[in-house]
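Below, each chain spelled out in residue letters.
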Amino acid sequence: MSALAILQALAGYGLIVLGVGLVGVAALGLLRFPDAYSRLSAVTKAATLGVCLTLLGVLVLDPSWSNAVKVLLAVALQFLTSPVGGFALGRASYRSGSPLAPGSLYDELGGRQRAGQAPEPGQGGEDGARR
Amino acid sequence: MIVIDIALGVLALALLPALWRIAVGPTDADRALSADHVFFVFLAVAGLLAIRLEDSVFLDVVLVGTLVGFLATITLARLVDRRRS
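Note that the coordinates shown come from a computational prediction; the quantities given were computed from them, not determined experimentally. (Residues numbered from 1 in each chain as written. Chains lettered and ligands numbered in written order. Predicted model: local features only at pLDDT ≥ 70, side-chain atom pairs only at ≥ 80, totals over all residues. Heavy atoms only, no water.)

A. Quick peek at the packing of helix α1 (residues 2–24) of chain B against helix α2 (residues 28–52) of chain B. Residue and element names in this part refer to chain B. Contact pair α1 / α2: the axes reach a minimum separation of 9 Å and the direction vectors enclose 165 degrees. Taken together, the axis directions place α1 and α2 in an arrangement best described as roughly antiparallel. Here α1 runs over α2; the crossing is left-handed. Packed against α1, whose contacting residues are I4, D5, A7, L8, L11, A14, L15, A18, R21, I22, A23 and V24, the element α2 presents D30, R31, S34, H37, V38, V41, A44, V45, L48, L49, I51 and R52 at the interface. Counted by class, the contact of α1 with α2 contains 17 nonpolar, 2 polar and 5 charged residues. (Axes fitted to C-alpha atoms, helices over the stretch in contact; angles between N-to-C directions. Helix = DSSP H or I, 4+ residues; strand = E, 2+ residues; numbered from the N terminus. Parallel < 35°, antiparallel > 145°, perpendicular 65-115°, else oblique. Left-handed = near helix turned anticlockwise from the far one by under 90°. Contact = heavy atoms within 4.5 Å. Nonpolar A, V, L, I, M, F, W, Y, C, P; charged D, E, K, R; others polar.)

B. Molecular detail of the nonpolar core. Counting residues in each nonpolar core, the largest one holds 45 residues, and the members touching the most others are I16 and L55 of chain A together with L11 and L48 of chain B. When residues of this core are traced back to their parent elements, those giving at least two are α1 (3–32), α2 (36–61) and α3 (65–95) of chain A together with α1, α2 and α3 (57–83) of chain B. (Core = buried A, V, L, I, M, F, W, Y, C linked by side-chain atoms within 4.5 Å. Buried < 20%, exposed > 50% of the residue type's maximum accessible area, 1.4 Å probe, protein only.)

C. Looking closely at empty space enclosed by the protein. Counting across every chain of the model gives 2 cavities of 30 Å³ or more. Empty space within the largest cavity amounts to approximately 110 Å³. Together, 14 residues line the largest cavity, and Q78 of chain A together with D36, F40, G69 and F70 of chain B are the ones closest to its centre. When contributions to the lining of the largest cavity are tallied by element, the ones reaching two or more residues are α3 of chain A together with α2 and α3 of chain B. A class-by-class count of the residues in the lining of the largest cavity yields 4 nonpolar, 9 polar and 1 charged. The volume enclosed by the second largest cavity comes to roughly 40 Å³. As for the second largest cavity, its lining consists of A36, L40, L89 and S93 of chain A together with A29, D30 and L33 of chain B. No other element matches the 3 residues that α2 of chain B contributes to the lining of the second largest cavity. (1 Å grid on protein atoms, 1.4 Å probe; cavity = no way out; pocket = protein on both sides within 12 Å on 5 of 7 lines; lining within 4 Å. Points joined across faces, edges and corners; volume = space filled by probe spheres on them.)

D. The arrangement of the interface of chain B and chain A in detail. Facing the 43 residues of chain B at the interface are 45 residues of chain A. Between chain B and chain A the total buried area reaches about 3800 Å² when both faces are included, carbon and sulfur atoms providing 75% of it. Applying the counting rule to chain B against chain A returns 3 salt bridges. Linking R95 of chain A and D81 of chain B is a salt bridge whose minimum nitrogen-to-oxygen distance equals 3.0 Å. Elements that contribute at least two residues to the side of chain B that touches chain A include exactly α1, α2 and α3 of chain B. Per-element tally for the side of chain B that touches chain A: the top contributor is α2 of chain B, with 14 residues. Class assignment of the residues belonging to the side of chain B that touches chain A gives a composition of 28 nonpolar, 8 polar and 7 charged. (Buried area = accessible area lost by both parts, 1.4 Å probe. Salt bridge = Lys/Arg side-chain N within 4 Å of Asp/Glu carboxyl O.)

The following block contains the structure:
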């Protein structure tokens with residue numbers, strides 16, 4: 001086994017262990033965090049990074065051009081789409097009135113888009129129009 | 001190879017909290033979030049299976065799964081928004 005092969009295996013397995021560990025941390029956050037928003041932050045950030053690191057580890061262990069195209073495209077798409085999905089889920093959960101944890105200090109929106117309250121006529125016109 | 005097997009076991013365990021959240025999660029937002037998490041775990045499992053089974057067709061599965069997961073997340077977010085749980 002050449003030194004390069006050892007280095008490749010070390011880097012690949014290291015990336016995979018790191019990535020799977022991050023997905024496990026996200027699962028722990030999903031289990032333990034107090035409200036929907038902190039759970040959302042755990043899943044969106046930790047699991048995204050975990051999946052990307054795992055895929056990069058797979059690429060390091062099995063390098064070829066076709067694999068590189070697929071994995072790099074998947075990682076780029078993941079980094080582009082995951083924040084959008086997380087933001088949409090967070091906005092939807094706030095608008096559907098999911099409660100904040102008791103220890104929350106700030107609520108910047110101040111319940112303005114909460115359920116059951118029509119948006120005021122002057123502002124949030126696009127929200128009113130869409131519903 | 002043993003590392004891959006252990007990693008697959010850890011990912012299987014990482015699905016259990018999502019199951020718990022879908023069953024008892026206080027709001028619909030938690031359930032949609034758990035579906036998102038299941039998608040992430042599925043992508044990681046498909047990537048690892050490409051190494052474990054030495055078949056790079058699983059990387060195509062990862063690529064398609066990324067796009068389908070994004071669309072599913074957006075759709076679930078709109079559904080949660082409409083439902084006003």
